[in-house]
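Each chain, letter by letter, is given below.
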There are 4 protein chains.
Amino acid sequence: MGESMSPARLWDKGYKVDEAVEEFTVGNDYRLDLNLLKYDCMASIAHAKMLAKIGILTGPECGKIVKELQRIKKLSEERKFPILKGQEDCHTAIENELTRTLGELGKKIHAGRSRNDQVLTALRLYYMDNIRECISLSKSYVQALNFFSSKYGRIRIPGYTHTRKAMPSSVKLWAGAFIDSMLDNIKLLECALALVDQSPLGTGAGYGSPIKYDMEYAATELGFSAVQKNPIYAQLSRGKFESTILHALTQIMFDINRLSTDLIIFSMPEFGYYELPDSFTTGSSMMPQKKNPDVLELLRAKYHVVVALETEVKAISSNLPTGYSRDLQLTKGSIMKGFMVTEQSLKVSALLFRNLKVSKKRCKKAMTKELYATERAHVLVEKGVPFRDAYKRVSRELEGK
Amino acid sequence: MGESMSPARLWDKGYKVDEAVEEFTVGNDYRLDLNLLKYDCMASIAHAKMLAKIGILTGPECGKIVKELQRIKKLSEERKFPILKGQEDCHTAIENELTRTLGELGKKIHAGRSRNDQVLTALRLYYMDNIRECISLSKSYVQALNFFSSKYGRIRIPGYTHTRKAMPSSVKLWAGAFIDSMLDNIKLLECALALVDQSPLGTGAGYGSPIKYDMEYAATELGFSAVQKNPIYAQLSRGKFESTILHALTQIMFDINRLSTDLIIFSMPEFGYYELPDSFTTGSSMMPQKKNPDVLELLRAKYHVVVALETEVKAISSNLPTGYSRDLQLTKGSIMKGFMVTEQSLKVSALLFRNLKVSKKRCKKAMTKELYATERAHVLVEKGVPFRDAYKRVSRELEGK
Amino acid sequence: MGESMSPARLWDKGYKVDEAVEEFTVGNDYRLDLNLLKYDCMASIAHAKMLAKIGILTGPECGKIVKELQRIKKLSEERKFPILKGQEDCHTAIENELTRTLGELGKKIHAGRSRNDQVLTALRLYYMDNIRECISLSKSYVQALNFFSSKYGRIRIPGYTHTRKAMPSSVKLWAGAFIDSMLDNIKLLECALALVDQSPLGTGAGYGSPIKYDMEYAATELGFSAVQKNPIYAQLSRGKFESTILHALTQIMFDINRLSTDLIIFSMPEFGYYELPDSFTTGSSMMPQKKNPDVLELLRAKYHVVVALETEVKAISSNLPTGYSRDLQLTKGSIMKGFMVTEQSLKVSALLFRNLKVSKKRCKKAMTKELYATERAHVLVEKGVPFRDAYKRVSRELEGK
Amino acid sequence: MGESMSPARLWDKGYKVDEAVEEFTVGNDYRLDLNLLKYDCMASIAHAKMLAKIGILTGPECGKIVKELQRIKKLSEERKFPILKGQEDCHTAIENELTRTLGELGKKIHAGRSRNDQVLTALRLYYMDNIRECISLSKSYVQALNFFSSKYGRIRIPGYTHTRKAMPSSVKLWAGAFIDSMLDNIKLLECALALVDQSPLGTGAGYGSPIKYDMEYAATELGFSAVQKNPIYAQLSRGKFESTILHALTQIMFDINRLSTDLIIFSMPEFGYYELPDSFTTGSSMMPQKKNPDVLELLRAKYHVVVALETEVKAISSNLPTGYSRDLQLTKGSIMKGFMVTEQSLKVSALLFRNLKVSKKRCKKAMTKELYATERAHVLVEKGVPFRDAYKRVSRELEGK
């Protein structure tokens, strides 16, 4: 009876868990898991249907469970289904609710699955949704770059190497580089998506389900393209899949890091090639004249945040024997933060290119003669001077010798 | 008038900041800064007193400001002083409140300082408090280890190298290693503390204060041992000091990582040397027999969290020109998380050693003869056999040749 | 004349470079570049043919250059073409040799290209070869796992979660997990290969070639599937492509890390499930009885080496404005080491599975009753007991209540 | 006899080690260990004297061994004592040589010690020497900065925040920041030195020596300030001490990273504040006009190399049970590379400041009026205008409103 009053955890055996330890163990999970409620409902629905298919639930039983799960899913999408700290995670919260409303029937849902494959399934559905969101945001970013390029692309601008004027470039060439790079990043996201798109439902605790689990059926119900048959591999994927996703995210953030670095430097009043939108700058509390490129600086810095998350996941998940260990649960917060930071950064970057201006005047002024030295050398080459000799001749000219 | 209704930011110039960008820019700061309210009040009190000392505030003006700041400080310690998202950080929240209650007088507090040295000062006070807390918790952990060792220290236990039985060891030797190591960690904490214990108040935005700031006076008021005179160095320290603190924290977490690894392995029923307290284990949702060492696994994993934070700070703060850049603000969340994780882990570890048991019986059974091979070889050495020959003889004996 | 005596660098302007600085700048490059000689010859041949095609070289000129480059390529494959420290890199060494043997003609080879696109091209050819080698070695590793599984696969072995006995597993299931995982790793390698398979030849210093470079022709000559048209993107790829390759390598190493961890633990005499081949163990200098799993420990540790290389590349290449910076050159050693470590580890791992033994006897003994608890609970489920109740009943049984 | 022909390893048990595996296992160690020969001789001399003191060696035996070790030490300092690949490491090479020249007597040297404490001891002596070298080089760097500052310090230069002109600064202030920072770095080095300065000799394989080892005597002989009594802690320090040293090195490299970033930007012809010495720039193979700051770019990048080494060591040495594991040996190359890179970078940086020039003319031109806005606001403050109002007034003036 006491059990029905305080939320029961799935593995409760009756002994009292010291409070400090529980605080430490549960950590932030009950909050993070708000993101997973929806996906756990979806996975539980597929699981229930599968149980009906193989005769462990009757049709009507399955119907009741599915209906209830759909109700919870809807609530959770409206952010109206809470997870209490004492419930620890979304899985317990949902199963408790099922038992509360369906009684004995609710207790049947967990047959044939483990929290291990349940977590994996919900996470993969969440990953797939978020990877698709990142692809979509990457495309919006590309559109914004195209918009920017169509407006300012023709302006010639100095091309730098080693942070030194090198050769003539153009805004179009610069924007085009980031477009091409993002299109390749999208391929990496798709590659990660293809990897993750394997259903682990039915692999149980990592050594298979004790019942005749129809993994293909559950996978099809959930829209997975493939089944991850080997249960040990299903568990081994934890950390691996996350790090591959995070790697793809770092590549998006890398582009944003590099373009921010360009913009921070070349929007300095001393250059003035780019003009940042007001909403992307902030003032100083002490120096009245300042317009600081804070947003670009944060965009630059957030690359390192995502890289650190990848490194963290790679470290946490290693030097462990196979089979689930609780260490792996800490990767949940890392990947969620990775998605959050990347999605936000893509949105802000797209907004940036919708509002960024290029100063035709300042760029023109900056197109000084040394930028054309290579061209001059090659005019000599076309006249038959060996390249090395042409190079030396132009070099001497520029030094005024 | 509109300004007094919506909270004004310190650098507000009137243009409208796009909402998505503001969300991105402010981020989590307004929540993190709850930890800093107290310290910013302390620093502002010292600053106000210094302004009075050099004649920019009158005595009564200073008195009013100080009284008001003490009120805010008290409120914040009771968690009753909120920071609104629109206020962005604790500094704006406090200055707004001063202006709200003191009117014109409140506007005078920021003279001679910048948000840059203000942030640095509050952070350092916060760091010093938390380093001291870590030292104190480290000592409690050592006490717990001593308690554990006094209870079980005499029990002989196999010593392993390469995860293979090597030579006889004892619980006392094992616990003693972690005691000695933590005592050395404390030295690292003290080293970090000595580094951080320099007052940056009066260095302004990074190029000195425009008024004749009495840095020594402010430093003394705040209890700093030294003044960090060079304002460019004050800013350059951002990231450096944090990474040195985080490094010290990783060393604490390293010990916890290693001892957890030992305990996870040697509390396996197959060994049974250690018996984990019930509150440190959890069950399985699928496998009724399991008692899993989740808490130890989390302790092991959290080392990597702190290492990742250190790496993150080291990456974020590099490849930047000197002088403050907004990138550096992201290090605030990292160091706060580092302290939080380490302090919590130390508490849980101390609790662990108060409750951990050693099985005399299982240890005794494990003290098998190969552990004594080195001793046997040295008995021969003492009889005059050259070590290499003794080694070969014992080796052959063990292989039954 | 002096120039022909000491090897001239491509960018030599006559001033004397301080020795310590040169030592620092050249570093290890001249040694690393031995790996690139072959690829630079291939790229230079394609470049020469393109120059002939667009009329900058005559047919006979091109013929001589190509013949000479083929001679150098052959020499380099026999490890007979040295790079002197003063030459700095393979590109200078090769061009110097061309000038030495062909005189004026040799000086013509560099027309229309920059060392920047030259380096990128040689590196990409090198990457593609090595990725293919990794794929091939991964397949050999899978074969070895299959061989191992066909020999021992039927043996039942305890499945662990949380380093605790969980459910029955088998050697086949265990080996199968690593087979499936490596097959997915190969997909990551293929994904990296597809990314890298873009020819940058003709992008010059990062802002295009000053001549009408036929990039498609050069790409086709070299067997690239695509042309990387945007020269700024070509440079931006430096660091990006390397980190994506290194990420794929870390995934291979991750598997090896995890399987090594399993084998180190479960080959302990206390378990004895696995028997390591003698050649994979070493002895102790002090303890005559020891057979240490050094090779497995090194395999485990080398994962972290490759992860650190990836992190290093990601840090080095960030916070830089676009356009080549010398920082990026340090990524060369990182990626080369990454390939070397991974290829060697794959070879050693394949060798391991050709020689690893499983002890049927020890495994059988370890299949104790608690492993079957989940099955027992599900027998009750099939009899109609709700899962949660079945779980509790079996749990009580095991605790002897 | 066969043994005397092929070099015998310390733990040789007669079975044949597969070549590929040996290649993998020995790796680079035999080359790295050239750095340790001297220190192992020193440690072995102290060990031999201790053996004599406790009666395991006679006086004359000890004398012969010491004399022989001094000969080997001298040879190794002249780089004339090779380590063969088959010998694996310096310890085997030295013991083999002792046995070769002293016969039976040579075989006695290893009594009471293990390769584990032997390696630790040699490494610590090596670390202490190199930390001292770093301190000395840091002081030379400070001297060079002082020299630079005495020459150019008075020149006023814009102070930047957010890569935007902020307030007036000076070369002296800038150089002074790096001086103060390096003086603090030296404290970190001293802190690391104090940590490392504990003798592990006599801790054997990690569980104490089987003989009555006089650890104090050996420590005093070697000049250690303290004895690390707990043998498990001695082993646990592996990775810990290395990472603390590497952390200190990253702080040195951090300063160099930041100053390089400043110099790369502000030596751009567009600013021209700094003039790099010719020997610190290189040309372009394609663009005749370029003088690229390659050396500064490499200095900037090498920070990330050392950070990666620290991260690597921290990852390698974690998630391991206590007691030596071979994984830890991979930290040897990391720390050696860390010292090498840092020492070289300090040398090059000192050289830089001996030759770097500041353009008085360009700096003067850059001291534009907005730099004085804060001062102007504070003039109003001194006249009694509240700071916030003064701020707004100056802000409006600058915007020309």
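Cut-off values and rules
Residues numbered from 1 in each chain as written. Chains lettered and ligands numbered in written order. Predicted model: local features only at pLDDT ≥ 70, side-chain atom pairs only at ≥ 80, totals over all residues. Heavy atoms only, no water. Salt bridge = Lys/Arg side-chain N within 4 Å of Asp/Glu carboxyl O. Helix = DSSP H or I, 4+ residues; strand = E, 2+ residues; numbered from the N terminus. Buried < 20%, exposed > 50% of the residue type's maximum accessible area, 1.4 Å probe, protein only. Contact = heavy atoms within 4.5 Å. Buried area = accessible area lost by both parts, 1.4 Å probe. Nonpolar A, V, L, I, M, F, W, Y, C, P; charged D, E, K, R; others polar. Axes fitted to C-alpha atoms, helices over the stretch in contact; angles between N-to-C directions. Parallel < 35°, antiparallel > 145°, perpendicular 65-115°, else oblique. Least-squares fit on C-alpha atoms with pLDDT ≥ 70 in both. Domains from an automatic or database assignment. Polar contact = N/O pair within 3.5 Å; in protein donor to acceptor, adjacent residues only side chain to side chain. Expected span 1.5 Å × (residues − 1). Pairing = 2+ DSSP bridges. Lys, Arg positive; Asp, Glu negative; His and termini not counted. Phe/Tyr/Trp six-rings, centres within 6.5 Å; stacked < 30°, edge-to-face > 60°. Lys NZ or Arg CZ within 6 Å of the ring centre and 35° of its normal. Arc of directions from axis to C-beta.

1. Remarks on the pattern of salt bridges
When their charged atoms lie close together, side chains carrying opposite charge are able to pair. One pass over the structure, following the stated rule, counts 104 salt bridges over all chains. In this structure, K49(A) and E221(A) form a salt bridge, with 3.3 Å as the shortest nitrogen-oxygen distance. On the criterion of sequence distance, the pair formed by K49(A) in helix α4 (residues 37–53) and E221(A) in helix α9 (residues 215–222) is long-range, its members being 172 residues apart. Judged by its relative accessible area of 30%, K49(A) is partly exposed. For E221(A), a relative accessible area of 37% translates into the label partly exposed. The closest approach of N and O atoms between E310(D) and K314(B), which form a salt bridge, is 2.4 Å. A residue pair is termed interchain when its members come from two chains, as with E310(D) in helix α11 (residues 294–316) and K314(B) in helix α11 (residues 294–316). With relative accessibility at 2%, the residue E310(D) sits in the buried group. Overlapping salt bridges, with partners in common, bring together E68(A), R71(A), E97(A) and R100(A) in one network.

2. Quick word on unusual backbone geometry
Residues and elements named next belong to chain A. A positive phi angle, close to 80 degrees, is found at E88, a residue other than glycine. With respect to the helices and strands, the residue E88 is situated in the loop between α5 (59–77) and α6 (90–102). Overall, the relative accessible area of 5% leaves E88 in the buried class.

3. What about the interface of chain B and chain D?
The interface of chain B with chain D comprises 91 residues on the first partner and 89 residues on the second. Taken together, the two surfaces of chain B and chain D that pack against each other cover about 7,600 Å², and 58% of this comes from carbon and sulfur. Of all residues in chain B, Y207(B), R258(B) and R388(B) bury the most surface against chain D, accounting for 10% of the area lost on that side. Counting every contact that joins chain B to chain D gives six salt bridges. For D389(B), the salt bridge identified is with K107(D), shortest N-O distance 3.5 Å. Contributing elements (two or more residues each) for the side of chain B that touches chain D: β1 (156–161), β2 (164–170), α8 (171–196), α10 (231–266), α11, α14 (373–382) and α15 (387–398) of chain B. When residues in the side of chain B that touches chain D are grouped by element, the largest group, 18 residues, is from α10(B). Among the residues making up the side of chain B that touches chain D, the classes are represented as 35 nonpolar, 33 polar and 23 charged.

4. Structural notes on the packing of helix α11 (residues 294–316) of chain A against helix α11 (residues 294–316) of chain C
Where α11(A) contacts α11(C), the axes come no closer than 11 Å and their chain directions differ by 175 degrees. Accordingly, the angle class assigned to the pair α11(A) and α11(C) is roughly antiparallel. Together, Y303(A), V307(A), E310(A), T311(A) and K314(A) of α11(A) and Y303(C), V307(C), E310(C), T311(C) and K314(C) of α11(C) make up the contact between the two elements. Grouping the amino acids of the contact of α11(A) with α11(C) by side-chain chemistry returns four nonpolar, two polar and four charged.

5. So, the relation of the copies chain A and chain C
Superposition record for chain A on chain C: RMSD 0.0 Å, screw rotation 180 degrees, translation along axis 0.0 Å. Seen this way, the second copy is the image of the first under a two-fold rotation axis. With an isologous cut-off of 70% or more, the 99% of interface residues of chain A that recur at the interface of chain C puts this contact in the isologous class.

6. Structural notes on the domain arrangement of chain A
Taken as a whole, chain A is organised into domain 1 (19–111), domain 2 (116–366) and domain 3 (369–398). Computed over C-alpha atoms, the centres of domain 1 of chain A and domain 3 of chain A are 73 Å apart.

7. Considering the environment of R113(B)
All names here are of chain B. Following the sequence through the fold, R113 ends up in the loop between α6 (90–102) and α7 (115–152). For R113, a relative accessible area of 2% translates into the label buried. As a C-alpha pair, R113 and S44 span 69 residues in sequence and 9.9 Å in three-dimensional space. A polar atom in the side chain of R113 sits 3.0 Å from the side chain of S44.

8. A short note on helix α7 (residues 115–152) of chain A
Residues and elements named next belong to chain A. Under the 1.5 Å per step criterion, the end-to-end length of α7 is 54 Å for 38 residues, consistent within 8% with the ideal 56 Å. For α7, a buried count of 27 out of 38 residues is recorded, marking the element as mostly surrounded by other parts of the structure. For α7, the N-terminal cap is S114; the gap from its side-chain oxygen to the backbone nitrogen of N116 is 3.0 Å.

9. Re the pairing of strand β1 (residues 156–161) of chain C
β1(C) sits mainly inside the fold: five of its six residues count as buried. Remark: two residues form the turn of the hairpin made by β1(C) and strand β2 (residues 164–170) of chain C, two consecutive strands paired antiparallel; H162(C) in that turn has positive phi of roughly 50 degrees.

10. As for the environment of R124(A)
Residue and element names in this part refer to chain A. Note that R124 resides in helix α7. On the accessibility criterion, R124 (2% relative accessible area) is buried. The spatial distance from the C-alpha of R124 to the C-alpha of L193 is 9.5 Å, given a sequence separation of 69 residues. In this structure R124 touches V196, Q198, P200, F224, Q228, A234, S237 and F241, once residues within four positions along its chain are discounted.

11. Section: the side chain of R258(C)
With respect to the secondary-structure elements, R258(C) resides in helix α10 (residues 231–266). Summary of buried charges: R258(C) has no salt-bridge partner, and the nearest side chain of opposite charge, D262(C), is 6.6 Å away. Beyond its immediate chain neighbours, meaning those up to four positions away, R258(C) contacts L236(A), S317(A), S318(A), N319(A), L320(A), P321(A), T322(A), G323(A) and F178(C).

12. A look at the pairing of β2(C)
All names here are of chain C. With seven of seven residues buried, β2 lies mostly within the body of the structure. Note that β1 and β2 share six bridges and pair antiparallel. Its bridge partner being in β2, G159 is matched across the sheet by M167.

13. Considerations on the interface of chain A and chain C
Opposite the 91 residues of chain A that make contact, chain C presents 90 residues. Counting each side, the surface lost to burial between chain A and chain C is near 7,700 Å², with a carbon and sulfur contribution of 58%. Ranking the residues of chain A by area buried against chain C places Y207(A), R258(A) and R388(A) at the top, with a combined share of 10%. Inspection of the chain A/chain C interface yields six salt bridges. Where chain A meets chain C, there are 43 residue pairs in polar contact (both at pLDDT 80 or more). Contributions of two or more residues to the side of chain A that touches chain C are made by β1 (156–161), β2 (164–170), α8 (171–196), α10 (231–266), α11, α14 (373–382) and α15 (387–398) of chain A. It is α10(A) that provides the largest number of residues to the side of chain A that touches chain C, a total of 18 residues. Looking at side-chain class alone, the side of chain A that touches chain C contains 35 nonpolar, 33 polar and 23 charged residues.

14. A closer look at the relation of the copies chain B and chain D
Of the transformation superimposing chain B on chain D, the axial component is 0.0 Å and the angular component is 180 degrees, with the fit at an RMSD of 0.0 Å. The residues that chain B uses at the interface reappear at the interface of chain D in 98% of cases, marking a shared surface.

15. Notes on the packing of aromatic side chains
Scanning the model with the defined rule gives 70 aromatic pairs over all chains in all. Where Y233(A) meets F241(A), the ring centres are 6.3 Å apart and the plane angle is 90 degrees; that geometry is what we call edge-to-face. Of the two residues, Y233(A) and F241(A), both sit in the buried class. Measuring from ring centre to ring centre gives 5.9 Å for Y126(B) and F339(B), while their planes differ by 85 degrees; the resulting arrangement is edge-to-face. Taken together, the residues span a long stretch of sequence, with Y126(B) in helix α7 and F339(B) in helix α12 (residues 331–355) at a distance of 213 residues. Sitting above the plane of the F147(D) ring, R354(D) keeps its charged end 5.0 Å from the centroid.

16. Details of helix α5 (residues 59–77) of chain B
Residues and elements named next belong to chain B. Compared with the 27 Å implied by 1.5 Å per residue over 19 residues, the 27 Å span of α5 between its first and last C-alpha is a close match. Of the positions making up α5, those classed as buried are E61, C62, I65, V66, E68, L69, I72 and S76. Down the axis of α5, the smallest arc covering the buried residues is 165 degrees, so these residues share one side. The outward face of α5, more than 90 degrees from its buried face, is lined by the exposed residues G59, P60, K64, K67 and K74.

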